[in-house]
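# Analysis of the macromolecular model
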Amino acid sequence: MTTKSPHKTTAPFSSISSSINTPIPAKLNISNIPLSLSFLSHQTYIHSKQKFKKIENKNKKNKMKEHELISSFFFLHLLLLLLSSFVVPSIGANPFTPKAYAIRYWNNKIYKVPRPEFLLKKASPLSASDSTRFAQLAASNSLSSQLDSFCKLANLLCFPDPVLSLSSKQPADGKFAVYDDKNFTNYATGAAGGLNSFKNYSDNSNEPIDSFRRYSRDSAGHKDEFTSYADEGNVISQTFNTYGAGATGGSGKFTVYADNVNVPGLQFTSYSDEANGRDSSFATYSRQANSGDQGFANYGKNGNGLTNTFGSYGPESNVLGSTFSGYSETANSGNDNFSSYGFDGNVPENKFNSYADGGNAGVEGFSSYRDQSNVGDDVFKSYAKSSNNEKVKFSNYDGGFNQGSDNFTGYGEGAKGQEIGFTGYGQGSNFKGYAKKGVTFADYKNDTSSNSDEVGGSMIRNKGKTVNKWVEPGKFFREEMLKEGIVMPMPDIKDKMPPRSFLPRSILSKIPFSSSKITQLRELFHAFDNSTMEGMLNAALRECERAPSVGETKRCVGSIEDMVDFAVSVLGQSAEARTTESVSGSKSDILIGKVRGINGGKVTKSVSCHQSLYPYLLYYCHSVPKVRVYEADILDPKTKDKINHGVAICHLDTSSWSPTHGAFLALGPGPGKIEVCHWIFENDLTWTIAD
């Protein structure tokens, strides 16, 4: 007899096994399960739980690996992005220097265009720490206290105080040969007799600084001679303050002074002031000088029986400026003679303020003054005004081949017994408020037949001399000359500026750059009154603050970042900078090789940047509409070997240019009638849209 089990029928094994993949409760009551089955079920439970843990652990590990992999890729991506911006100039260079920053800035602003290495070499050489330190000093207006260190480390043009002071303790006789950068204070003061000679002093020097304060003051019969002084110097700074003041007798002779100098800065303040019977002569002074300023303030003022001679002053010079303020004012029986002053010069500018004003029985002579010069401007204000028995003679005055301007205001006005004569003086003179008596005009050259549009004719009307005498051959040329096989002269394209570097923007942004802040700038760069540094600061600010010409957009930049910003603002992010490769071929004939027009030789726009003289590297950049830009291989005419790769720009619209521009003197017609081309000189550059 079959006995029924008291237990309920359970699912077969297959059913149990098939349910392994179903979730198992956390708590399982097995009291009602048969032993065999409950053991099996328990074993199954244990096995399933272990399997689930393995699966869960595996999933966790996979998720961790996946997370780690994603994190690794993300970190690597960030690292690559970071490293891509750190394009350092050389292996091991600090990526935080101003130069490294300038390169990163360039890469972020300009796309897929090669960086010009010649421009990057002008980036600030400051280290990261020095840049930060000087930026902090600039922010607190304390940079002037560290000017010497700042100028040396940042590669700037500065004029430190002379390192040596030679005082009155020196002997009355002294010979200074091959000497420079000295401070002569109270030298030979009160000396009786004796001779001081300066021969080859500051000769062939770069940025020499010499100071003569109270030199030969109150001396008697003391003689000073300066021979070949500051010859062939670059950016020289010479100051003579109260030189020979109160001296009796003696003489000061300057022979071949500042000859063939670039940017001379020469200042004479209170020279021979209240002196008695002293002779001063300047022979071949500033001959062939370039773009400088000479200042004579209170020269011979209140003097008695002084003789001042300027012979061959500034001959063959280029854009030389001279200012005579209070010259021989209220002097007695003075004798001043200017012979061949500004002779054969290019755009000489001379100012005489209160010259011989209130003088007594003086003789002033101007012979061959500014004769055969190009353009030029002279201003005579209160000349011999209120004087007594003054004799002033202008002989062959302003016989230049291209009309300049002369303004005589208050000339001889209020004078008594004066004799003022103009013999053979040029056109363009304006006489306002001059004496109605005692003034004679003879042989006034008023050439009404001249036409300003024809100032650049091949021959001038004076003795048959060529009109382009003051324009270097090849400096300007026509577009048709840029053809393969053409032989043409190449001008001197060598950079004449002293070497300097850009400032990093972090420092530049904290230094003022405005004529309204000239006091701060003078304090920062230690620029005293009438110094070369003061003139340099004022000249650059005037040019940079000048209103743009028609169609021009301009900006002065003192950092690579500022130059990049300006170029991109005009041309977009595909702007490319170009310059002539080297100076090879300068001052000689060249053969034009292959020529390529930028942007297909089409009319385009560009940004040209030219250096300005300033303590740090400063570029005057301006947009130039309607131009064509070319690249050309430059070959040796004899060997046909390539010696250079030049960049030239042709200005198609010259209608706003001055009729006296050198281009028209060399090429002819006049403004708006021809296009004018020129090479891009060393360290200048032009930007165009990249091809």
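Going by the structure above, here's the rest.
The text that follows walks through the structure, step by step, so that each part is easy to find. (Residues numbered from 1 in each chain as written. Predicted model: local features only at pLDDT ≥ 70, side-chain atom pairs only at ≥ 80, totals over all residues. Heavy atoms only, no water.)

## Digging into the state of the cysteines
Using the criterion set out here, one finds four disulfides in the structure. In this model, Cys609 is linked to Cys621 through a disulfide, with the two sulfur atoms separated by 2.1 Å. For the disulfide bridge between Cys609 and Cys621, the dihedral angle about the S-S bond is near 115 degrees, and by the sign convention the bridge is right-handed. Within this pair, whereas Cys609 is found in strand β27 (residues 604-612), its partner Cys621 is found in strand β28 (residues 618-635), the two being separated by twelve residues in sequence. Taken individually, Cys609 and Cys621 each receive the classification buried, so the pair is uniform in this respect. Here Cys650 pairs with Cys677 through a disulfide, and the sulfurs are 2.0 Å apart. Negative torsions about the S-S bond denote left-handed disulfides, and the value of about 110 degrees found for Cys650 with Cys677 makes this one right-handed. Of the two residues, Cys650 is situated in strand β29 (residues 642-651) and Cys677 in strand β30 (residues 676-679); the sequence distance between them amounts to 27 residues. Overall, Cys650 belongs to the buried group, its relative accessible area being 0%. According to the relative accessible area criterion, Cys677 is buried, its value standing at 0%. (Disulfide = S-S within 2.5 Å. Helix = DSSP H or I, 4+ residues; strand = E, 2+ residues; numbered from the N terminus. Buried < 20%, exposed > 50% of the residue type's maximum accessible area, 1.4 Å probe, protein only.)

## With respect to the environment of Ile634
Relative to the elements of secondary structure, Ile634 occurs in strand β28. On the accessibility criterion, Ile634 (0% relative accessible area) is buried. Along the sequence, Ile634 and Ile590 sit 44 residues apart, while their C-alpha atoms lie 6.5 Å from each other.

## Focus: the nonpolar core
Counting 35 residues, the largest nonpolar core has Phe150, Leu503 and Phe525 as the members making the most contacts within it. Listing elements by their share of this core, those giving two or more residues are α5 (128-139), α6 (147-154), α7 (505-508), α8 (518-524), α9 (532-545) and β28. The residues touching Leu503, leaving out its near neighbours within four places in the chain, are Ser124, Phe150, Ala154, Leu156, Leu508, Ile511, Gly558, Ser559 and Tyr616. Listed in part, the 29 residues of the second largest apolar core include Val557, Ile560, Val570 and Leu571. (Core = buried A, V, L, I, M, F, W, Y, C linked by side-chain atoms within 4.5 Å. Contact = heavy atoms within 4.5 Å.)

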